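# Fold and contact review
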Amino acid sequence: MKKIILTSCLLFGLALAFNTTSYAQESSDVKIGGGLIYGLEVEAIGVQAGAKYAFTPEISGAADVAIYFPDNYDWWELNANAHYHFYAEEGTRVYGLGGLNYTTWSFDMGSMGSVSNSEVGLNLGGGAEFGLDFADLYTELKYVIGDADQLAISAGLRFDI
């Protein structure tokens, strides 16, 4: 898991480092933050942390990791999404999203060992950001299409860096 997270962070960092095009926007092109997420398949709440980069005023990319806290087993996921902002006015932005999802779950059966599985899926959904004085409040609704089908809703804060 550490290798996957480290590799994802490294690739995202390299993408940011080599993009020299800058666009004038109301706020910073790079945002980091986190929040809470609830998955209907896992039936548990979790925490989410990630980053977002605005390539243009309409298109941005986001990467995040979500860790859920169900009873008796572990479930976490990595997401890489593209956002298309189709409405942006007076501190409010609404966007559609699509991307990739990598989900892993594991269950410890005590003396009989453990069982785990990983799945790759597609994310489809949308979200909105609301500008506050100190951060952006975001909320997203996404559906993961794949063997680990799940509808998830999340909300949190993103800060300019």
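For the protein chain, the helix and strand inventory stands at 1 helix and 8 strands. The order of α-helices and β-strands along the protein chain, N terminus first, is α-β-β-β-β-β-β-β-β. Burial analysis of the protein chain (161 residues in total) assigns 34% to the buried set. Across the protein chain, contacts joining residues at least 24 apart in sequence account for 46% of those joining residues at least 6 apart. Surface summary for the protein chain: the accessible area is close to 9200 Å², and the carbon and sulfur share equals 64%.

Here we take up the pairing of strand β1 (residues 30-39). Both β1 and strand β2 (residues 44-54) contribute to a ladder of 10 bridges, which runs antiparallel. The residue of β2 that forms the bridge with I37 is G46. When β1 meets strand β8 (residues 150-160), the two strands line up antiparallel, connected through 9 bridges. Residue pairing for β8: L36 is matched across the bridge by A155.

Time to look at the pattern of salt bridges. The final tally for this structure, using the stated rule, is 8 salt bridges. As a salt-bridge pair, K31 and D136 come within 2.9 Å of each other at their nearest N and O atoms. Taken together, the positions of K31 in strand β1 and D136 in strand β7 (residues 136-145) put the pair 105 residues apart, joining distant regions of the chain. Taken individually, K31 and D136 each receive the classification buried, so the pair is uniform in this respect. The salt bridge partner of E129 is R93, with a shortest N-O separation of 2.9 Å. Within this pair, whereas E129 is found in strand β6 (residues 114-131), its partner R93 is found in strand β5 (residues 92-108), the two being separated by 36 residues in sequence.

Moving on, we come to a negative patch on the surface. Together, E41, E43, D147 and D149 make up a region of like negative charge exposed at the surface. Within the secondary structure, D149 is located in the loop between β7 and β8. D149 sits in the partly exposed class, given a relative accessible area of 32%.

Here we come to the environment of G50. By secondary structure assignment, the location of G50 is in strand β2. Placed 17 residues apart in sequence, G50 and G33 show a C-alpha to C-alpha distance of 5.7 Å. Look past the residues within four positions of G50 in its chain and what remains in contact with it is K31, I32, G33, A63 and D64.

What counts, and at which threshold
- Residues numbered from 1 in each chain as written.
- Predicted model: local features only at pLDDT ≥ 70, side-chain atom pairs only at ≥ 80, totals over all residues.
- Heavy atoms only, no water.
- Helix = DSSP H or I, 4+ residues; strand = E, 2+ residues; numbered from the N terminus.
- Buried < 20%, exposed > 50% of the residue type's maximum accessible area, 1.4 Å probe, protein only.
- Contact = heavy atoms within 4.5 Å.
- Areas by Shrake-Rupley, 256 points an atom, 1.4 Å probe, with all protein chains shown as cover.
- Pairing = 2+ DSSP bridges.
- Salt bridge = Lys/Arg side-chain N within 4 Å of Asp/Glu carboxyl O.
- Patch = residues over 30% accessible without salt bridge, like charges linked within 9 Å, V, L, I, M, F, W, Y side chains within 5 Å.
- Lys, Arg positive; Asp, Glu negative; His and termini not counted.
- Charge placed at Lys NZ, Arg CZ, Asp CG, Glu CD.

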